[in-house]
Amino acid sequence: MGATPAAAAHAERWPYEVTRRHQADVPKPGKTSAANRRLQKDLSALGYFTGPWNGYYGPDMAQALFAVQKVNGLRTDARWSEEVARKIRKGFVPVARSTSGNLVEVDIGRQLLMVVRGGKVVKVFNTSTGNGKPYGGGKIANTPRGVFTVQRQVDKMEKSPLGMLYRPKYFSGGYAIHGSVRVPAKPASHGCVRVSYEAMNWLWKTGSLPVGGRVWIY
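For clarity, every value in this text was computed on a predicted model and none was experimentally measured.

Caption draft 1: Structural detail: the pairing of strand S5 (residues 120-126). In terms of burial, S5 is largely enclosed, as five of its seven residues are buried. Relative to S5, strand S4 (residues 112-117) runs antiparallel, the two sharing six bridges. Across the sheet, residue Leu112 finds its bridge partner in S5, namely Asn126. Counting the residues that bridge the hairpin from S4 to S5 gives two residues, and of these Gly118 lies at a positive phi of roughly 60 degrees.

Caption draft 2: Main features of the packing of aromatic side chains. According to the stated counting rule, one finds six aromatic pairs in the structure shown. Arranged with centres 5.4 Å apart and planes meeting at 55 degrees, the rings of Phe148 and Phe171 form a pair that is tilted. Pair noted here: Phe148 is in strand S8 (residues 146-149) and Phe171 is in strand S11 (residues 163-172), with a separation of 23 residues, a long-range link. Side by side, Phe148 and Phe171 carry an identical accessibility label, which is buried.

Caption draft 3: Representation of the confidence of the model for the protein within the structure. When pLDDT is averaged along the protein, the result is 91, and 89% of the positions lie at 70 or above. Note that residues 1-9 has pLDDT below 50 and, in this model, 14 contacts with residues that lie over four places away or in other chains.

Caption draft 4: Main features of the side chain of Gln111. Residue placement: Gln111 occurs in the loop between strand S3 (102-107) and S4. Here Gln111 falls in the buried class, since its relative accessible area comes to 3%. One polar contact links Gln111 to Thr129, side chain to side chain, over a distance of 2.7 Å. In contact with Gln111, other than residues within four places in its own chain, are Lys70, Phe125, Asn126, Thr127, Ser128, Thr129, Ala185, Lys186 and Pro187.

Caption draft 5: Structural context of the packing of helix H2 (residues 34-46) against helix H3 (residues 59-71). Closest axis-to-axis distance for the H2/H3 pair is 11 Å, and the angle between their directions is 50 degrees. Overall, the two elements H2 and H3 adopt an arrangement that is oblique. Taken as a pair, H2 and H3 cross one another with a handedness that is left-handed. Listed contacts from H3 to Asn36, Leu39, Gln40 and Leu43 of H2 are Met61, Ala64, Leu65 and Val68. Looking at the contact of H2 with H3 residue by residue, the classes come out as six nonpolar, two polar and no charged.

Conventions used here
Residues numbered from 1 in each chain as written. Predicted model: local features only at pLDDT ≥ 70, side-chain atom pairs only at ≥ 80, totals over all residues. Heavy atoms only, no water. Buried < 20%, exposed > 50% of the residue type's maximum accessible area, 1.4 Å probe, protein only. Helix = DSSP H or I, 4+ residues; strand = E, 2+ residues; numbered from the N terminus. Pairing = 2+ DSSP bridges. Phe/Tyr/Trp six-rings, centres within 6.5 Å; stacked < 30°, edge-to-face > 60°. pLDDT = per-residue confidence, 0-100. Contact = heavy atoms within 4.5 Å. Polar contact = N/O pair within 3.5 Å; in protein donor to acceptor, adjacent residues only side chain to side chain. Axes fitted to C-alpha atoms, helices over the stretch in contact; angles between N-to-C directions. Parallel < 35°, antiparallel > 145°, perpendicular 65-115°, else oblique. Left-handed = near helix turned anticlockwise from the far one by under 90°. Nonpolar A, V, L, I, M, F, W, Y, C, P; charged D, E, K, R; others polar.

Here it is as structure tokens:
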């Protein structure tokens, strides 16, 4: 079977043959193993960000599995399973909305952040955006939608009125894409776009979201 109808409408098959592994040789959370390392390599080959290929099934791997599960319409529990393995073998990745240029797309509905180059998704991250709840004197925790550019960035941990933002890249006033210690599979922020610390480090290191870079949130 391929992706679910809902997922298939927003995903495409990536031309990559993932590792065939023995049934008993499976990835396990909290462990360091060859099976975990192979899973990291398979996910990375499909464009899912896993952090370092160190064989450790920890928070970075959980973030990658959240993203895979979202793309394929599965329950988001960050757990490896045979069903997840089948979806990985099918090789489905998200489809970009943009058709040209380099930018970051944020899909609020599926809680995904994607680095897109020339209309092709090259890296996929789990993200967490505004939870839609009221806070602070009648404000609502919504993430703005539209096409923005990165206006400024701060290459350190920055204290904001609503908490600590790791290496933030501001795209609209006080709204930023930033690293966070807590990036669940669901909306949880006051309106910013959260990714993991390692994901934010990757965005900085690769220059994928420079000042002036486009951010399309939908």
